[in-house]
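Understanding the architecture of this molecule
Take a look at the letters that make up each chain.
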Amino acid sequence: MTRLLDARTSQNASIAGSMNGAGLTANQNVLIGQIGLTTAGSQGPIRVQFNGVATFFVFSGGFITLNLFVVRGSAATDPIVASNRLQLNPGATTPTNLFPLYLIGSDYNPAPADEIIYSLFVNSTVNVNRVGPESFNGCAYSD
């Protein structure tokens, strides 16, 4: 029988447009969410599921790549367990400058620990604004 071990939320901005355009400098990894899941004493394989969202205002211009990625740990250089990327050319492909980026992922069978840290980072190839929402959620299960 599946057992819920822990569930956490890291909520940075709940409402669309609520961040007033926090700047995101090109080619810098920025932490936007972090959760710690308790898995000590679990029986059987551990399965972690998570989801995240970030929304950007992109100025008109050329080709842009936006990235969301989750690491097991607290630094952007820790092992990546899930990622999503949005590549766009806002000056040529769409009349809007708002772009949401979603990430849904999982981590299968990490080692049990008092607390496994997962961190959600964002980066962009050009300067953009973060406008919200930004949210990161995770749940850990075992058999």
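Each value, and the rule that gives it
- Residues numbered from 1 in each chain as written.
- Predicted model: local features only at pLDDT ≥ 70, side-chain atom pairs only at ≥ 80, totals over all residues.
- Heavy atoms only, no water.
- Salt bridge = Lys/Arg side-chain N within 4 Å of Asp/Glu carboxyl O.
- Buried < 20%, exposed > 50% of the residue type's maximum accessible area, 1.4 Å probe, protein only.
- Phe/Tyr/Trp six-rings, centres within 6.5 Å; stacked < 30°, edge-to-face > 60°.
- Helix = DSSP H or I, 4+ residues; strand = E, 2+ residues; numbered from the N terminus.
- Polar contact = N/O pair within 3.5 Å; in protein donor to acceptor, adjacent residues only side chain to side chain.
- Contact = heavy atoms within 4.5 Å.
- Pairing = 2+ DSSP bridges.
- Axes fitted to C-alpha atoms, helices over the stretch in contact; angles between N-to-C directions.

Taking an unreviewed UniProt entry as the reference, the protein is identified by name as Exosporium leader peptide belonging to Paenibacillus borealis.

Using the criterion set out here, one finds four salt bridges in the structure. The residue Arg8 makes a salt bridge to Asp6 at a minimum N-O spacing of 3.0 Å. For Glu134, the salt bridge is made with Arg130, and the minimal N-O distance between the two is 2.7 Å. Neither Glu134 nor Arg130 differs from the other in exposure class; each is buried.

Applying the stated rule across the entire model yields three aromatic pairs. Judged by centre distance (5.7 Å) and plane angle (40°), the rings of Phe50 and Tyr118 are tilted. Of this pair, Phe50 sits in strand S4 (residues 46–57) while Tyr118 sits in strand S8 (residues 116–124), and the two are 68 residues apart along the sequence. An identical accessibility class is assigned to Phe50 and Tyr118; each is buried. Pairing Phe50 with Phe136 gives two aromatic rings, centres 6.2 Å apart and planes at 55°, and the pair type is tilted. Pair noted here: Phe50 is in strand S4 and Phe136 is in strand S9 (residues 128–142), with a separation of 86 residues, a long-range link. The burial state of Phe50 is the same as that of Phe136; both residues are buried. Cluster of aromatic residues (ring-pair linked, three or more members): Phe50, Tyr118 and Phe136.

With respect to the element layout, Asp6 can be found in strand S1 (residues 3–13). Under the relative-accessibility criterion, Asp6 is labelled buried at 11%. In this structure the side chain of Asp6 is engaged in a polar contact, spanning 2.8 Å, whose partner is the backbone nitrogen of Thr38. Dropping the residues within four chain positions of it, Asp6 is found in contact with Gly36, Leu37, Thr38, Gly138, Cys139 and Ala140.

Consider a sheet: its strands pair through backbone hydrogen bonds, and that pairing is either parallel or antiparallel. A sheet is described by the order of its strands in space; here four strands give the open sequence S3-S8-S5-S6, paired in antiparallel fashion. Single-partner strands in this sheet number two, and they are strand S3 (30–37) and strand S6 (80–88). Across this sheet, the average inter-strand angle for adjacent strands is 10°, counted without regard to direction. Inspection of the sheet shows S3 paired to S8 by seven bridges, in the antiparallel sense. Considered in S8, the bridge of Leu37 is made with Ile116.

Take the environment of Ser119 next. When you line up the elements, Ser119 lands in strand S8. The class for Ser119 is buried, based on a relative accessible area of 0%. Separated by 84 residues in the primary sequence, Ser119 and Ile35 place their C-alpha atoms 6.5 Å from one another. Not counting residues up to four positions away in its chain, the partners in contact with Ser119 are Leu31, Gly33, Gln34, Phe69, Val70, Val71, Gly73, Ser74 and Phe136.

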